[in-house]
Amino acid sequence: MKGILLAGGAGTRLHPITKGVSKQLLPLFDKPMIYYPLTTLLWTGAKEILVITTPEDQASFKRLLGNGSWLGIKLHFETQPEPRGISQALLIGKDFLAGKPCTLALGDNIFYGHGLPEYLQRFSQATTSGATIFAYQVNDPERYGVIKFDSQGKPKSIQEKPAKPASPWAVTGLYIYDGTASERAGRLKPSARGELEITDLNLDYLNSGGLRVEKLGRGIAWLDTGTPAAMLQASMFIQAIEERQGLQVCCPEEVAYRLGLITDAELLQQAKAFGKSDYGKYLQSILEKTS
């Protein structure tokens, strides 16, 4: 399973904050925003990830993330010259994917909850054909792609930002696709706003009978950080969890270590690189608790 992390876009809903920097480089409490979806992709088992950025921000992403060796994985980089829709990521990543399944994660989405890593691994391993998307119940479904289910609980339709939503179930920013995703994305027509809509790609899978929709339960949190208020709420949520439990939310080094991607010595090296920061102390504590 390969991964694609889409960290492009202009971040216009966050202006003027994002006039000079990509929103995925902004902090969410104590970590850069991109750390959270990167950790989600690690949970799915992705060991080779393509990070798609804006041309002007790519150097900053490379300086932050490097080649991925600090996590025991391989990171590749491509640019999205203009934001032409989420499905465009699968066209940009066509050569990288080479017809293999992938998990596509949006750079401003956070997933957190008990049992989530095992949950994501199960579906990423099972999706060898078709697609799996995740739905989450929200109070404002008109802001998202909305799924309508039939009487048996199977997906019947998906509407993008409908004025009158057919259900409270929104499509989240995490998608697992089989090896035909890039080919399908290449057949899409731009929408009225000139974008290759991810909803249209998911509808293509739905119409061919290959779309699975999994509802995320009440024990899992999904946060979309596309607005200043949403960023603040996410930061406060993360702060509350970390200070209450003493555990990091979406710490990529910790996840890589738990998955056996990096050794004790490599984790210690990462801890020392952060010096006396609380983050560095936390990485050090992981080794102390397992020794």
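Cut-offs used in this document
Along every chain, residues carry numbers that run from 1 in the direction the sequence is written. Local features in this predicted model are restricted to residues of pLDDT 70 or higher, and side-chain atom pairs are both shown and tallied only at a pLDDT of 80 or more, whereas totals for entire chains, interfaces and linings draw on every residue. Side-chain metrics rest on all non-hydrogen atoms present in the structure, leaving aside hydrogens and water. Burial classes: relative accessible area under 20% of the type maximum marks a residue as buried, over 50% as exposed, and values in between as partly exposed (1.4 Å probe, protein chains only). For the purposes of this entry, the term helix denotes a DSSP run of H or I that reaches at least four residues, the term strand denotes a run of E that reaches at least two, and both are numbered from the N terminus. Stacked, edge-to-face and tilted labels apply to pairs of Phe, Tyr and Trp rings (six-membered ring for Trp) whose centres lie within 6.5 Å, assigned for plane angles under 30 degrees, over 60, and everything in between, in that order. We call a charge positioned above a ring when the Lys NZ or Arg CZ atom is no farther than 6 Å from the ring centre and deviates by at most 35 degrees from the ring normal. Two kinds of site are reported from a 1 Å grid over the protein atoms alone, namely cavities, where a 1.4 Å probe fits but cannot get out, and pockets, open sets with protein on both sides within 12 Å along at least five of seven lines, and residues are called lining when an atom falls within 4 Å of a point. Grid points are joined across faces, edges and corners, and a volume is the space filled by probe spheres set on the points.

Participant: In this structure, what is going on with helix 1 (residues 35-43)? I would like to understand it.
Facilitator: Residue pairs three or four apart in sequence face the same way in an α-helix, which turns once every 3.6 residues. The buried count for helix 1 comes to nine of nine residues, which makes it a mostly enclosed element. Of all the residues in helix 1, the buried ones are Tyr 35, Tyr 36, Pro 37, Leu 38, Thr 39, Thr 40, Leu 41, Leu 42 and Trp 43. Of the residues trailing helix 1, Gly 45 is marked for its positive phi of about 95°.

Participant: Please clarify how the packing of aromatic side chains should be interpreted in this entry.
Facilitator: Note on aromatic pairs: each is described by the distance of the centres and the angle between the planes. Applying the stated rule across the entire model yields ten aromatic pairs. The interplanar angle of 80° and the centroid separation of 6.0 Å between the aromatic rings of Phe 123 and Phe 134 together place this pair among those described as edge-to-face. A residue pair is termed long-range when its members are at least 10 positions apart, and Phe 123 in helix 5 (residues 116-126) and Phe 134 in strand 8 (residues 131-137) qualify at eleven residues. Across this residue pair, the class does not change: Phe 123 and Phe 134 are buried. With a centroid separation of 6.1 Å and an interplanar angle of 5°, the aromatic rings of Tyr 175 and Tyr 177 are classed as stacked. For Tyr 175, a relative accessible area of 3% puts it in the buried group. Aromatic ring contacts, followed pair by pair, group Tyr 119, Phe 123 and Phe 134 into a single cluster. Between the NZ or CZ atom of Lys 2 and the centre of the ring of Phe 96, over which it lies, the distance is 4.7 Å. The side chain of Lys 215 reaches across the aromatic face of Phe 149, ending 4.4 Å from its centre.

Participant: Help me understand the layout of surface pockets in this model?
Facilitator: Using a probe with the size of a water molecule, rolled over the atoms, empty space left in the structure can be pinpointed. When its volume is computed, the largest pocket comes out at roughly 940 Å³. Together, 37 residues line the largest pocket, and Arg 13, Lys 23, Ile 86, Leu 106 and Asp 108 are the ones closest to its centre. Contributing elements (two or more residues each) for the lining of the largest pocket: strand 11 (169-177), helix 7 (198-207) and strand 13 (220-224). The dominant element in the lining of the largest pocket, judged by the number of residues it contributes, is strand 11, at four residues. Taken together, 17 residues make up the lining of the second largest pocket; nearest its centre are Trp 43, Tyr 112, Pro 117, Gln 248 and Glu 254. Among the secondary structure elements, those contributing two or more residues to the lining of the second largest pocket are strand 7 (109-113), helix 5 and helix 9 (252-258). The element contributing the most residues to the lining of the second largest pocket is helix 9, with three residues.

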